[in-house]
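# Chain and residue survey
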Amino acid sequence: MTSSDLRPDRLARIPAADARRLAWARDAVARMTREERIAQLHQYAPGVERLGIGPFVTGTEGVHGVAWKGKATQFPQPVGMAASWDPELLEQAGATVALEVREMHAEDPAVSLSVWAPVVNLLRHPLWGRTEEAYTEDPLLNAVLACGFSSGLRGRGETWQTLPTLKHFLAYSNETDRAATSSEMPDRVLHEIELPGFVEPVARGLAASVMLSYNLVDGRPAHLTDLLETQLRAHLPDPDLLFVVSDAGAPGNLFRSQKVTADAAAAYAAMLRAGVDSFTDNDTDPRESVEAITAALEQGLIEDAHVERALVRQLLARARTGEFDDRIEPGSPADASSAGSAEAGSAAPSPAVPSRAARRELSREVAVRSAVLLSRRDESALPLPAGPLAVLGEQAHSVLRDWYSGEFCEVTSIAQALSARHDGPVRTARGLDLVSLHVRSTGAHPGVPALDLAPEDAAVRLAADSSLRLRNPGADGPAAAAAPARFAVIDLGEDVVALREVTTGLLLAPDDRGRLAARGERIGGWIAQETLRRVVGPDGSWQLQHVGTGRFLGVEHHTGALVLRTAAPASGAVLAVQVHRTAAEEVDAALGTGTAQAARAVVLVLGNDPHVHGRETEDRPHVRLPAPDRAAAERLAALPPEIATVLVITSSYPYDLEGLEERVGAVVWSSHAGEAEGEAIADLLTGARDFSGRLAQAWPDSSPLPPLLDYDVIRAGSTYQYGQSARFPFGHGLAVDAVRWHDARIDAGEDGLTVSVDLSAPAERATAGPLREVVQVYVDAPASAFSRREHAVPATRLVGFTALEVPADGSVTAQVSVPYARLALWASDRDAWELPDGPVRVRVARSSSVAEAEAEVSVPAAVLAAHALPAEAASADELRIPAHRAERTCGAVRAAASLLEGTEIRPLGAAPGTAAFVLAAGTRIDGLEVRALDGETPAGRAELVDPDAPDPASAPALPLPHRVPADGTRPTGRVLVRLSGPLALTALRCAAPPAAQA
């Protein structure tokens, strides 16, 4: 699926219901005063009571369950759900989220029916901290899954259950300096890679809204991008059908950090002119937004029409949920929904509304189908053999939430589920050191004498108020326990730990006065308070630095309370560590080595905490397993071969396993899978269900990764499409009972390819429950398949897939239809999609690297003729080739030509940079249009050089005018522009080739 115009199922005209809503919204806005209109554009809109328009909040978080609103059904993280490859399953999950938003809204109208989901940014790079929130690295899979989840949120019928909001437009997948970095978007990357996930749900009428991203795109803040109008709203029959919101705090970035405008008035004016309709800033306080928009109107930076347009779009979105039905169509019920919603205070849900048990069962099913069997070296490892079982690891005993998780209704850990389900005795161990801490020195604080501690008073104790303190006989205050406190050390890697006080089971965290206490149920929050950086001295002593604040842990004078001091290490206390039980000793007890009940199988569960080392605001430091996890996995791999070993990784992102998969019996991956994680993983490990998940993001090997900030995936060689190497490829996933494939067929028809394959279950099975399979179709198009011009072609590309159930008896035929449009590449020289006119290889595959059948096919001549490229302008008058059509840049960067529109190319530094173009052979280049960056007259140089020059920086300049020579036998040629000094290339001034002029 691409943003090709060959899709048949997009909105061709405004639906009748939306036409009525638009007419009402425009009339309502016309009846408001200027002040009333302006007030509605903040994220907390007050409404206009005299017109019967109530307050409105622009968003409810819901990427995998309703977040921050109390208990709600929680599904696997989106990167996990994507491994199902099943848009219908995601639609069911989305429908459950929508239903629960409706139920919450019925009880509290302040809960917005606008849901800020799904996240459709591509998983371009495995270091991105927000990998957990998005689906996949592939644009087709991304678009299909986005449509599935959006469809569930939207519901069926004229009235929308909720309003899906696609996040974050555009080209956003790094947290490092995310509000300052610029994502370069060559036209091909824009159209082939970035846009499909946004365009498809919008154009199909499945998304009501879009949230913009913090970053810049080609040097322009995304909140001012012209692509909003030219590439999203252009696909709709009326641009007012799309409601656009800012991300939180982004309006202020324009004049505070990005500094592209002088003040708030100019920033808000620019956003309104660019098509932003609502401003998410300053939480519930609208004053800055209201004052800025008012000032912009008074200064003439915008007109009332800009404010009116934005408000019409908001009201249209709200009207879609049925909020104003009694006003638009008198007699219809207000606030209706197209699906059964539970009325507030109703005694029991109606049959149309799934029960809590049914919702949990759906969460469990999604979790089962989202897990991936990465490897199975030992066939006896899965299903788990009967007999004594050891379940190891902190993550076996907990079900973790991420920043966008809601509160669990009920949870069962993997250890609990296996203890209840396994055929044999189960012993568990968290694998944590158990320690007590003793203050060796209290730390230096200016003017404060160090405490003179007796040895018996130096132990850290738990006080009656749960604070941590030393015993000081001279101080009054909460009584400290007689015995030193003991702490389980959760080693999160990269020298970061969390300490759990064993009697309360709570994690240490500072209170609002900076005093350390046992108070955290889990690691969480926008800035996690429960993590400490451990600095180990040469003698094994510790200093602890609070990660959230950077302050070292010291001792408060007189009271002896442990308190956060300053960022200077000298202010921190030095702690002696007494180890009461090592992690290895705890694990040995669970293994029962040498006893009659020695473990016959061992399951080790490890992975990340979603709030540490990779999350919103923080990219990952690397893709390796953290050192403590690696050590635990190495011990698992070293167990005797007669013990079945299974490594289960529950994580928000992929890892480089560095060969571990070759030394353990089996490796399983699941994202953090929500409330039913434990039951789902136990289903799979015990054989109650078989694995059917397939990786929607490849797992890297140890090869160097592309640069995190290089969004030109073609130039960088990023993702499976452009050759990024992987240990587990895109689309990979095994099963215990592998489905058999028979008689794969690839047929080329008039409109596209039809790929079919017969699937059947194995005659003997080790697992129960339904079997599922994912049939994937890839195309490998060599450069020779495009005769008109040179293309940097993908190594391979997903063009179709289907996920289906395989019957226990007999067979089923999987069929995948592939429109020829999916074989096209974007031709930047014509601003259009170009189909291959030569043969391509089509593969029917289990993954991007394992094919079951393949065939060479060609697009029929009739299809090529019907979808021929638009002709280049055929006038003898001057042509202007804009700089954005550059195919590649080297030593140069794409930048904003003005605040709201246009792209130019600038050299990056003192050395010359280049920009490459493809033009029709025979085109006459008369001049290079440039703009001075310093002063009015360009001080640098822009000149043409031979595109085949071995060193473009020193190659002689070509004289102008210049005729573009043909590239071999192709009717096109290559052009290379060299730029040096403080100037920007804005366009090439050309004349059409003689053939076009004739």
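These figures come from a predicted structure and were not determined experimentally.

Conventions used here
Residues numbered from 1 in each chain as written. Predicted model: local features only at pLDDT ≥ 70, side-chain atom pairs only at ≥ 80, totals over all residues. Heavy atoms only, no water. Helix = DSSP H or I, 4+ residues; strand = E, 2+ residues; numbered from the N terminus. Rg over C-alpha atoms; globule rule 2.2 N^0.38 Å. Buried < 20%, exposed > 50% of the residue type's maximum accessible area, 1.4 Å probe, protein only. Axes fitted to C-alpha atoms, helices over the stretch in contact; angles between N-to-C directions. Left-handed = near helix turned anticlockwise from the far one by under 90°. Contact = heavy atoms within 4.5 Å. Polar contact = N/O pair within 3.5 Å; in protein donor to acceptor, adjacent residues only side chain to side chain. 1 Å grid on protein atoms, 1.4 Å probe; cavity = no way out; pocket = protein on both sides within 12 Å on 5 of 7 lines; lining within 4 Å. Points joined across faces, edges and corners; volume = space filled by probe spheres on them. Nonpolar A, V, L, I, M, F, W, Y, C, P; charged D, E, K, R; others polar. Domains from an automatic or database assignment. UniProt positions renumbered as here; feature names shortened; annotations may be inferred. Phe/Tyr/Trp six-rings, centres within 6.5 Å; stacked < 30°, edge-to-face > 60°. Lys NZ or Arg CZ within 6 Å of the ring centre and 35° of its normal. Parallel < 35°, antiparallel > 145°, perpendicular 65-115°, else oblique. Pairing = 2+ DSSP bridges. Salt bridge = Lys/Arg side-chain N within 4 Å of Asp/Glu carboxyl O. Expected span 1.5 Å × (residues − 1). pLDDT = per-residue confidence, 0-100.

## Side note on the overall build of the chain
Of regular secondary structure, the chain possesses 21 helices and 49 strands. Against the globule reference of 30 Å for 998 residues, the chain gives a C-alpha radius of gyration of 31 Å, in line with a compact fold. Principal-axis analysis of the C-alpha atoms gives the chain an extent of 100 × 75 × 75 Å. Across the 998 residues that make up the chain, the buried fraction comes to 60%.

## Points about the packing of helix H4 (residues 87-107) against helix H14 (residues 356-370)
Interaxial distance between H4 and H14 falls to 10 Å at its minimum, and their mutual angle equals 145°. By crossing handedness, the relation of H4 to H14 is classed as left-handed. Residues Leu89, Gln92, Ala93, Thr96, Leu99, Glu100 and Glu103 of H4 pack against Arg359, Leu362, Glu365, Val366 and Arg369 of H14.

## A word on the environment of glutamate 132
For glutamate 132, the location among the structural elements is in the loop between strand E4 (114-116) and helix H5 (139-154). With 788 residues separating them along the chain, glutamate 132 and alanine 920 place their C-alpha atoms 44 Å apart. Ignoring anything within four residues of it in the chain, the contact list for glutamate 132 reads Gln77, Pro78, Val79, Asp402, Pro610 and Ser652. At 3.2 Å, the side chain of glutamate 132 and the side chain of glutamine 77 are in polar contact.

## Description of empty space enclosed by the protein
Counted under the stated rule, the structure contains eight cavities of 30 Å³ or more. Counted as a void, the second largest cavity has a volume near 90 Å³. Taken together, the residues of the lining of the second largest cavity sort by class into seven nonpolar, four polar and two charged. Two domains each provide a minimum of three residues to the lining of the second largest cavity, namely domain 1 (39-59 + 112-324) and domain 2 (358-425 + 597-728).

## Some remarks on the layout of surface pockets
Considering only enclosed or pocket space, the second largest pocket measures out at about 620 Å³ in volume. Listed by contribution, the elements that provide at least two residues to the lining of the second largest pocket are strand E3 (60-61) and strand E5 (163-169). The two domains that each donate at least three residues to the lining of the second largest pocket are domain 1 (39-59 + 112-324) and domain 2 (358-425 + 597-728).

## Considering the UniProt feature "domain: Fibronectin type III-like" (unreviewed entry) in the chain
Under the local residue numbering, the UniProt record ascribes the feature "domain: Fibronectin type III-like" (unreviewed entry) to residues 773-848. Secondary structure across residues 773-848 divides into 0% helix and 54% strand, with the first and last C-alpha atoms of the span separated by 15 Å.

## Digging into the packing of aromatic side chains
Taken as a whole, this structure holds 17 aromatic pairs when the rule is applied. An angle of 70° between the planes, with centres 6.3 Å apart, marks the rings of tyrosine 655 and tryptophan 699 as edge-to-face. Residue tyrosine 655 is located in the loop between strand E27 (644-650) and strand E28 (666-670), and its partner tryptophan 699 is located in strand E29 (residues 699-700); the two are separated by 44 residues in the primary sequence. Neither tyrosine 655 nor tryptophan 699 differs from the other in exposure class; each is buried. A centroid spacing of 5.3 Å and a plane angle of 85° characterise the contact between tryptophan 826 and tryptophan 833, whose relative ring orientation is edge-to-face. Joined through ring pairs, the aromatic side chains of Trp85, Tyr720, Phe730, Tyr778 and Phe801 make up one cluster. Directly above the aromatic system of tyrosine 711 lies the positively charged group of arginine 124, at a separation of 3.7 Å from the ring centroid. The aromatic ring of phenylalanine 408 is capped on one face by arginine 401, whose charged end is 5.9 Å from the ring centroid.

## Here's the deal with the side chain of threonine 136
Looking at the element boundaries, threonine 136 is found in the loop between E4 and H5. According to the relative accessible area criterion, threonine 136 is buried, its value standing at 0%. When near neighbours in sequence (up to four residues on either side) are disregarded, threonine 136 contacts Leu122, Leu123, Leu141, Asn142, Ala696 and Phe730.

## Let's talk about the packing of H14 against helix H18 (residues 677-686)
Helix-helix packing is characterised by the crossing angle of the two axes and by the distance between the axes. Relative to each other, H14 and H18 sit at 50°, their axes nearing to 8 Å. It follows from the interaxial angle that H14 and H18 lie oblique. The two elements H14 and H18 meet at a crossing, and its hand is right-handed. Where H14 approaches H18, its residues Arg360, Arg364, Ala367 and Val368 are matched on the opposing element by Glu679, Ala680, Asp683 and Leu684.

## Some thoughts on the sheet that holds E27
Across the sheet, which stays open at both edges, the six strands sit in the order E11-E28-E27-E26-E12-E13 with mixed pairing between neighbours. Two strands in the sheet have a free side with no partner beyond their single neighbour: strand E11 (372-376) and strand E13 (426-429). The mean inter-strand angle of the sheet, taken between neighbouring strand axes irrespective of direction, is 15°. With five bridges connecting them, E27 and E28 associate as parallel partners. Following the sheet pairing, leucine 647 is matched in E28 by valine 667. Across the face of the sheet, helix H16 (residues 583-591) comes into contact with strand E12 (389-392), E13 and strand E26 (601-607) while running at roughly 175° to E13.

## Focus: the pattern of salt bridges
Tallying each qualifying case throughout the model produces 76 salt bridges. For arginine 130, the salt bridge identified is with glutamate 133, shortest N-O distance 2.7 Å. A relative accessible area of 3% means that glutamate 133 is categorised as buried. Among the ionic pairs, arginine 974 bridges to aspartate 948, the shortest N-O distance being 2.8 Å. Within this pair, whereas arginine 974 is found in strand E48 (residues 972-980), its partner aspartate 948 is found in the loop between strand E46 (941-945) and strand E47 (962-963), the two being separated by 26 residues in sequence. Look at the salt bridges and you will find they share partners, linking Arg26, Glu229, Arg233, Asp238, Asp240, Asp277 and Arg313 into a network.

## Some details on the domain arrangement of the chain
Each domain of the chain was delimited in the assignment, giving domain 1 (39-59 + 112-324), domain 2 (358-425 + 597-728), domain 3 (433-445 + 453-583), domain 4 (740-867) and domain 5 (879-991). If you average the C-alpha positions of domain 3 and of domain 5, the two centres end up 61 Å apart.

## Considerations on helix H11 (residues 287-298)
End to end, H11 covers 16 Å across twelve residues, agreeing with the expected 16 Å (1.5 Å per residue, within 8%). All buried positions along H11 are accounted for by Glu288, Ser289, Ala292, Ile293, Ala295, Ala296 and Leu297. Structurally, H11 contributes buried residues whose contacts are with helix H2 (34-39), helix H9 (250-256), helix H10 (264-274) and helix H12 (304-320). Glycine 300 sits one or two positions beyond H11 and adopts a positive phi of about 75°.

## Topic: the pairing of strand E39 (residues 850-857)
Examined bridge by bridge, strand E38 (residues 840-847) and E39 share seven bridges and lie antiparallel to one another. Looking across to E39, one finds that valine 842 is bridged to alanine 855. Connecting E38 to the antiparallel partner E39 that follows it, the hairpin turn spans two residues.

## A few points about the sheet that holds E48
Strand order in the open sheet formed by four strands is E41-E44-E48-E46, and the pairing between neighbours is antiparallel. Looking along the sheet, the strands with just one partner apiece sit at the ends: strand E41 (888-890) and E46. Going across the sheet, the axis of each strand differs from the next one's by a mean of 25°, ignoring polarity. Taken together, the eight bridges between strand E44 (residues 913-920) and E48 define a ladder with antiparallel strand orientation. Counterpart to phenylalanine 917 in the pairing with E48 is valine 975.

## With respect to the confidence of the model for the chain
Residues with a pLDDT of 70 or more make up 96% of the chain, whose mean pLDDT is 94. With pLDDT under 50 throughout, residues 1-8 is counted as low confidence; its partners more than four residues away or in other chains account for 31 contacts. With pLDDT under 50 throughout, residues 333-349 is counted as low confidence; its partners more than four residues away or in other chains account for 33 contacts.

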